[in-house]
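Letter by letter, the chains look like this.
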Amino acid sequence: MTNAGTTVTADLPAPAVRLPRRRGIELTLIVVAVLLSVYGYCAVGIAKNGTVPPGAAGYGAGLGVLALLAHLAVRLRASYADPLLLPIGVLLNGLGLVLIYRLDLETPGDRAAPTQLVWSTLGVTLFIVVVVALRDHRVLQRYAYVCVAAALALLTLPVFFPAVNGARIWIRIAGFSIQPGEFAKVLLAIFFAAYLAANRSALAYAGRRVWRLQLPTGRVLGPIVAIWLISVGVLVLERDLGTSLLFFGLFVTLLYVATGRTGWIAVGLLLAALGAVAVGRLEPHVHSRVLDWLHPFASIDAGQGPNQLAQSLFAFAAGGMLGTGLGLGHSILIGFAAKSDFILATAGEELGLSGLSAIFILYGLLVERGYRAGLALRDPFGRLLAVGLASIVALQVFVIAGGVTGLIPLTGMAMPFLAQGGSSVVTNWAIVALLIRVSDSARRQYDIEVAA
């Protein structure tokens, strides 16, 4: 409208702000992660031998190429994905290789870092395959029962193989070993998410009321409880109580997220306490770990020297606030589990409380980003899948860190990305890949809604 030579226009809505893709930020963080890993590798060599390790350039190039290939896969197939997930995985994996290499220098006849690098390569390869081939996470919902059948088969296989260190969780053939339970946890997360998403309304509102808890019908809750009991029962037979605790926590967490009822948390804690007391008293292997937890210095008082838990506590104490420095600690005294169950003690001793806190912050960011991606999705399956995968990481870090610091009894699990263990590192890369896919869907969904 024109009035006395002045043009008046109606107020227009502000243009919609679309989410930036932030792939450049991701690449920058990946470069920083690789450089920090190479710095740690060089620091270990200088501390132990006074010179930069001869393989530093090859280590940096190998880790850098793997990270770059993973970044290209995300840039091409999941361009809206969260920019923090991949760099965190690269940094944790790189730090794990550094710590294993550092411990290898104390055990010349048992070098695990080269094997761990091969497994890391396989893990990144699986990451790329998942990101490229899986265009929509909702496809996984169709294969829920295939996943649970495969998971139960994987959990059962170690029963037919000899026990290792008191637990039947490995399959060893011709010097080659894998831990099937690591892969099973992802498959069970997919099944739990699919089943609970399909029956969330019936789980929340059907059935009888017991005290303040609304129970679902047996027809709805029965199948998933049966699958969970079978999986946990197999794990108890295998004496792998750490993974049993993880599956139980995953089950209760997803049940709570699906129904929104806090009563399930109370029921879960009660059942966990009852189960822990029963198994701790009846199973000799677990009972001995409980005694070690209650009396970590008993072996010293008896004149038998410190046990693994005592050595771990000594390592944390020696690290102080800033640590002794990479390559200058003595956590190898822990023994055969120094590179696996107790690798966090090496980080605590040589990086100190500050370095250990930084590691926990990385894990916390990884979990938080997974939760954020899940909560941003509208489809129930994607939400439960993201929360379940992030909860696996959270529960595993809690169980392991709690064990080596004396907060809870030892469980014998592998710290995600850090510890020696091929099956573990491959599985954790698969978890990151699925979280990448879910976060891409969540942010892409928001961008489509803004554009509309």
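Computed from a predicted model, the values in this text were never measured in an experiment. (Residues numbered from 1 in each chain as written. Predicted model: local features only at pLDDT ≥ 70, side-chain atom pairs only at ≥ 80, totals over all residues. Heavy atoms only, no water.)

Draft legend 1. Main features of the nonpolar core. Among the nonpolar cores identified, the biggest contains 118 residues, and Phe127, Leu389, Met415, Trp429 and Ile436 are the most heavily contacted of them. Ranked by residue count, the leading element in this core is helix α15 (residues 380-404), at 14 residues. Every residue in contact with Met415, bar those within four places of it in the chain, is listed here: Ile343, Leu344, Phe360, Tyr363, Val397, Ile400 and Ser424. (Core = buried A, V, L, I, M, F, W, Y, C linked by side-chain atoms within 4.5 Å. Buried < 20%, exposed > 50% of the residue type's maximum accessible area, 1.4 Å probe, protein only. Helix = DSSP H or I, 4+ residues; strand = E, 2+ residues; numbered from the N terminus. Contact = heavy atoms within 4.5 Å.)

Draft legend 2. Fine view of helix α5 (residues 144-156). If you check α5, its first and last C-alpha atoms are 19 Å apart, about what 13 residues at 1.5 Å a residue would give, namely 18 Å. Considered for burial, the residues of α5 that qualify are Ala144, Cys147, Val148, Ala151, Leu152 and Leu155. Buried residues of α5 fall within an arc of 130 degrees about the axis and therefore sit on the same side. Turned more than 90 degrees from where α5 packs its buried face, Tyr145 and Val146 sit exposed. (Expected span 1.5 Å × (residues − 1). Arc of directions from axis to C-beta.)

Draft legend 3. How the structure looks around unusual backbone geometry. Its identity as a non-glycine residue notwithstanding, Phe417 has a phi of 75 degrees, on the positive side. With respect to the secondary-structure elements, Phe417 resides in the loop between α15 and α16 (422-451). A residue is classified by how much of its surface remains accessible, and Phe417, at 3% relative accessible area, is buried.

Draft legend 4. Seen up close, the side chain of Asn93. Within the fold, Asn93 resides in helix α3 (residues 85-104). A distance of 2.8 Å separates a polar atom in the side chain of Asn93 from a polar atom in the side chain of Trp429. If near-sequence neighbours (up to four positions away) are discounted, Asn93 is found in contact with Ser120, Phe417, Val425 and Trp429. (Polar contact = N/O pair within 3.5 Å; in protein donor to acceptor, adjacent residues only side chain to side chain.)

Draft legend 5. Representation of the confidence of the model for the protein chain within the structure. Per-residue pLDDT for the protein chain averages 84, and the proportion of residues at 70 or more is 84%. The low-confidence segment residues 4-10 (pLDDT under 50) makes three contacts with residues lying over four places distant or belonging to another chain. (pLDDT = per-residue confidence, 0-100.)

Draft legend 6. Local environment of the packing of aromatic side chains. A full pass over the atoms with the stated rule returns nine aromatic pairs. Ring centres 4.4 Å apart and planes at 25 degrees place the aromatic pair Tyr41 and Tyr101 in the stacked group. Remark: Tyr101 occurs in helix α3 and Tyr41 occurs in helix α1 (residues 23-49); sequence separation between them is 60 residues. Measuring from ring centre to ring centre gives 5.3 Å for Phe417 and Trp429, while their planes differ by 80 degrees; the resulting arrangement is edge-to-face. Here Phe417 is found in the loop between α15 and α16, whereas its partner Trp429 is found in helix α16, with 12 residues between them in sequence. Trp429 sits in the buried class, given a relative accessible area of 2%. Grouping aromatic residues by their ring pairs yields a cluster made of Tyr145, Phe191, Phe192, Tyr195 and Phe251. (Phe/Tyr/Trp six-rings, centres within 6.5 Å; stacked < 30°, edge-to-face > 60°.)

Draft legend 7. Representation of the packing of α3 against helix α14 (residues 343-376) in the model. Interhelical geometry of α3 versus α14 gives an angle of 160 degrees and a closest axis separation of 10 Å. Regarding the angle of α3 to α14, the classification is roughly antiparallel. Considering the relative orientation of α3 and α14, their crossing is left-handed. On α14, the residues touching Leu85, Ile88, Leu91, Leu92, Leu95, Leu99, Ile100, Arg102 and Leu103 of α3 are Ile343, Thr346, Ala347, Glu350, Ile359, Leu362, Tyr363, Leu365, Leu366 and Arg369. Looking at the contact of α3 with α14 residue by residue, the classes come out as 15 nonpolar, one polar and three charged. (Axes fitted to C-alpha atoms, helices over the stretch in contact; angles between N-to-C directions. Parallel < 35°, antiparallel > 145°, perpendicular 65-115°, else oblique. Left-handed = near helix turned anticlockwise from the far one by under 90°. Nonpolar A, V, L, I, M, F, W, Y, C, P; charged D, E, K, R; others polar.)

Draft legend 8. Spotlight on the pattern of salt bridges. All chains considered together, the criterion is met by 13 salt bridges. Here Arg369 ties to Asp82 by a salt bridge, and the two come within 3.0 Å at their closest N and O atoms. Taken together, the positions of Arg369 in helix α14 and Asp82 in the loop between α2 (56-77) and α3 put the pair 287 residues apart, joining distant regions of the chain. The same class applies to Arg369 and to Asp82, which are both buried. Across the pair Lys339 and Asp110 runs a salt bridge, and its minimum N-O distance is 3.8 Å. With a gap of 229 residues between them, Lys339 in the loop between α13 (308-319) and α14 and Asp110 in the loop between α3 and α4 (113-133) connect regions that are remote in the sequence. Taken together, the salt bridges that share partners define one network made up of Lys48, Arg102, Glu106 and Glu350. (Salt bridge = Lys/Arg side-chain N within 4 Å of Asp/Glu carboxyl O.)

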